[in-house]
Amino acid sequence: MPPEFTEPAETMFTETNSLPSKIGNMMHSDPNISSTMTDEDFAIRNSSFSAFDPSRMSGEGSPMMMSPWNQHTPFTKSPWSNIEDSLPQNLPQNGLIGSLVREEGHIYSLAASSDLLYTGSDSKNIRVWKNMKEFSAFKSNSGLVKAIIISGQKIFTGHQDGKVRVWKVHPKNPSTHKRAGTLPTFMDIFKCSIKPSNYVEVKRNRTSLWIKHIDAISCLSMNVEEGLLYSASWDRTFKVWRIDNSKCLESVKAHDDAVNSVVAGVEGLVFTGSADGTVKVWRREMIGKVTKHTQVDTLLKQECAVTALAVSGSGTAVYCGSSDGLVNFWDREKQLSHGGVLKGHKLAVLCLATAGNLVFSGSADKNICVWRREGMNHTCLSVLTGHTGPVKCLAVEADRKSTDEDRRWVVYSGSLDKSVKVWSVSELAPDLHQMAMMQQHTDPSEGSVSWDSIPSAKY
């Protein structure tokens, strides 16, 4: 067992008293606009496993290509820039609540449960926050926590070394977290290693046990009803684990390149996205007592890497973020037919999250787009700005102040700028089209708006 983390906290917390609306920075990607990327923003490396920070020594990063769409927004000098001044004061607005900063590493993973927020970084520390203050922390033997997921009193963390670590909250002291095991367990590795047929070829002239990931874990997802944990890895596989006994049930060779995302949907469906540019659909079946996942569809084939996936809470929509800055989505109620594309970012989409009727997309362009879904129509409500580095992860939970008339959400965003920002978001916030029309109606002296020259926010 690793020693309990007791280092004193040195946390900076800044809080804002107002909730400024981030509406002046709406961006639509357009491949017809020429672009340049400076070395100051990001370093592009030849390897598909590229990192954004060239000063990093670990060589860690997401397997993605950098998007060439790095143009400036065409709206910076439009009437949209001054809409805030003319908005009625009683309209719900989206904006920053505060920032959590601890200068120890880039933030790669987040998980929120009740009033606790777990953050993982490229340090060895997993930090726990409560009421916007540091509450606890615990150490892992492996640096770089790439994924965190919570199930009851258990916390699962995915790491750069290819292992999933399991932690338990102490029943009498919720600020204490004890290591409860590792997936795969040492005993399972020992038993599996005895039988030669349990070794599979993973690279040329190299074999490994099928229950082990041989490269970094990129994502974790959970099917709570079935008690299953899914782990995706850069080793091109995803594995299925039984939560109650820590057994590896299956290993699936899923893609031709790193698997960047896995998400469990409804009715036994599982979705995977890869650096090979594909999104695949798998169906879970029980053959006797054996769990088997079979590919049933390929939703997307493209040149650029798939970097993030998300499924709406009802399971009716599937979202895919890519390194070209686009978010594709599919309608499950129409046999997973393609529903359209959300264009809000000028660089790679790195993370996605859903809550209620909202979809959140975080990007290497340092922004978070908030989309409202009505059927299969999506409207961009706002663009949350403030991070000074790529937005790498998102977590969302219901706001305690939420009402039936005004459903609100607390959004956590982790960034490679080493900070976590906390946002308040309302589903009733007016969309950008409505605000532009209000501006035109309220202040005719600004002149008329030519909608032919402004792309629609609905897709």
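Residues numbered from 1 in each chain as written. Predicted model: local features only at pLDDT ≥ 70, side-chain atom pairs only at ≥ 80, totals over all residues. Heavy atoms only, no water.

### Regarding the overall build of the protein chain
Okay, step 1: Scanning the protein chain from N- to C-terminus turns up three helices and 31 strands.
Okay, step 2: Sequence separation of at least 24 residues holds for 51% of the intrachain contacts in the protein chain that already meet a minimum separation of 6.
Okay, step 3: Split by element, the accessible area of the protein chain, about 20,500 Å² in all, is 49% carbon and sulfur. (Helix = DSSP H or I, 4+ residues; strand = E, 2+ residues; numbered from the N terminus. Contact = heavy atoms within 4.5 Å. Areas by Shrake-Rupley, 256 points an atom, 1.4 Å probe, with all protein chains shown as cover.)

### Side note on the state of the cysteines
Okay, step 1: According to the stated counting rule, one finds zero disulfides in the structure shown.
Okay, step 2: Unpaired in this structure, Cys320 has its nearest cysteine sulfur neighbour in Cys304, at a distance of 8.2 Å.
Okay, step 3: For Cys320, a relative accessible area of 0% gives the class buried.
Okay, step 4: Of all cysteine sulfurs in the structure, the one in Cys369 sits closest to Cys380, which takes part in no disulfide; the separation is 4.7 Å. (Disulfide = S-S within 2.5 Å. Buried < 20%, exposed > 50% of the residue type's maximum accessible area, 1.4 Å probe, protein only.)

### Thoughts on the pairing of strand β23 (residues 326-331)
Okay, step 1: For β23, the tally of buried residues reaches six of six residues, placing the bulk of the element in the interior.
Okay, step 2: Pairing analysis gives six bridges linking β23 to strand β24 (residues 337-343), with the strands arranged antiparallel. Note on β24: the bridge partner recorded for Asn328 is Val341.
Okay, step 3: Here β23 folds back onto β24, and the loop between the two strands holds five residues, one of which, Gln335, carries a positive phi near 55 degrees. (Pairing = 2+ DSSP bridges.)

### Focus: a positive patch on the surface
Okay, step 1: Together, Lys163, Lys203, Arg206, Lys212, Arg236 and Lys253 line one region of the surface with positive charge.
Okay, step 2: Secondary-structure assignment places Arg236 in the loop between β14 (228-233) and β15 (237-242).
Okay, step 3: For Arg236, a relative accessible area of 37% gives the class partly exposed. (Patch = residues over 30% accessible without salt bridge, like charges linked within 9 Å, V, L, I, M, F, W, Y side chains within 5 Å. Salt bridge = Lys/Arg side-chain N within 4 Å of Asp/Glu carboxyl O. Lys, Arg positive; Asp, Glu negative; His and termini not counted. Charge placed at Lys NZ, Arg CZ, Asp CG, Glu CD.)

### A look at the sheet that holds β15
Okay, step 1: Ordered in space as β13-β14-β15-β16, the four strands form an open sheet in which the pairing is antiparallel. Two strands in the sheet have a free side with no partner beyond their single neighbour: β13 (217-223) and β16 (247-253). Ignoring strand direction, the axes of neighbouring strands in this sheet form an average angle of 20 degrees. (Axes fitted to C-alpha atoms, helices over the stretch in contact; angles between N-to-C directions.)

### Here's the deal with the sheet that holds strand β7 (residues 145-151)
Okay, step 1: Reading across from one edge, β7-β8-β9-β10 is the order of the four strands in this open sheet, with antiparallel pairing throughout. For this open sheet the edge positions go to β7 and β10 (177-183), each flanked by a neighbour on one side alone. Each strand axis lies, on average, 25 degrees off the axis of its neighbour in the sheet, ignoring direction.
Okay, step 2: Note: β7 against strand β8 (residues 154-159), six bridges, orientation antiparallel. In the sheet register, Ile148 faces β8, and the bridge partner there is Thr157.

### With respect to unusual backbone geometry
Okay, step 1: For the bond from Leu183 to Pro184, the omega torsion is -5 degrees, close enough to zero to count as cis.
Okay, step 2: We note that Ser246 has phi near 65 degrees; this positive angle belongs to a residue other than glycine.
Okay, step 3: Phi is positive for Lys418, close to 75 degrees, though the residue is something other than glycine.
Okay, step 4: Within the secondary structure layout, Lys418 lies in the loop between β30 (408-415) and β31 (419-426).
Okay, step 5: According to the relative accessible area criterion, Lys418 is partly exposed, its value standing at 28%.

### Notes on the nonpolar core
Okay, step 1: The biggest cluster of nonpolar side chains holds 17 residues, and the ones touching the most others in it are Leu358, Phe360, Ile368, Val370, Leu394, Trp423 and Val425.
Okay, step 2: Mapped onto this core, the elements with two or more residues apiece are β25 (349-355), β26 (358-363), β27 (368-374), β28 (377-384), β29 (391-398), β30 and β31.
Okay, step 3: Ranked by the residues each element gives to this core, the list is headed by β25, at three residues.
Okay, step 4: With residues near it in sequence (within four places) discarded, Ile368 still touches His345, Phe360, Ser361, Gly362, Ser382, Val383, Leu384, His387, Val391, Leu394, Ser413 and Trp423.
Okay, step 5: Membership of the second largest hydrophobic core comes to 16 residues, among which are Leu183, Ile217, Met222 and Leu229. (Core = buried A, V, L, I, M, F, W, Y, C linked by side-chain atoms within 4.5 Å.)

### Brief notes about the packing of aromatic side chains
Okay, step 1: As enumerated under the stated definition, the model contains four aromatic pairs in all.
Okay, step 2: When the centroid spacing of 5.5 Å and the interplanar angle of 70 degrees are considered together, the rings of Phe238 and Trp282 count as edge-to-face. You can see Phe238 sitting in strand β15 and its partner Trp282 sitting in strand β19 (residues 278-287), a full 44 residues away along the chain. Like Phe238, the residue Trp282 is buried in the burial classification.
Okay, step 3: Through pairs of rings, three or more aromatic residues link up here, namely Tyr230, Phe238 and Trp282.
Okay, step 4: Across from the ring centre of Trp167, 5.9 Å away, lies the NZ or CZ of Arg179, which sits over that ring. (Phe/Tyr/Trp six-rings, centres within 6.5 Å; stacked < 30°, edge-to-face > 60°. Lys NZ or Arg CZ within 6 Å of the ring centre and 35° of its normal.)

### Here's the deal with the confidence of the model for the protein chain
Okay, step 1: Counting all residues, the mean pLDDT for the protein chain is 79, and 73% of those residues have values of 70 or more.
Okay, step 2: Confidence drops under a pLDDT of 50 for residues 1-88, and excluding neighbours within four residues, the segment shows 207 contacts in the predicted structure. (pLDDT = per-residue confidence, 0-100.)

### What about the side chain of Thr316?
Okay, step 1: Here Thr316 lies in the loop between β21 (306-311) and β22 (317-322).
Okay, step 2: A polar contact is formed between the side chain of Thr316 and the side chain of Ser314, at a distance of 3.0 Å.
Okay, step 3: Not counting the four nearest positions on each side in its chain, Thr316 is found in contact with Trp330, Asp331, Arg332, Glu333, Arg373 and Met376. (Polar contact = N/O pair within 3.5 Å; in protein donor to acceptor, adjacent residues only side chain to side chain.)

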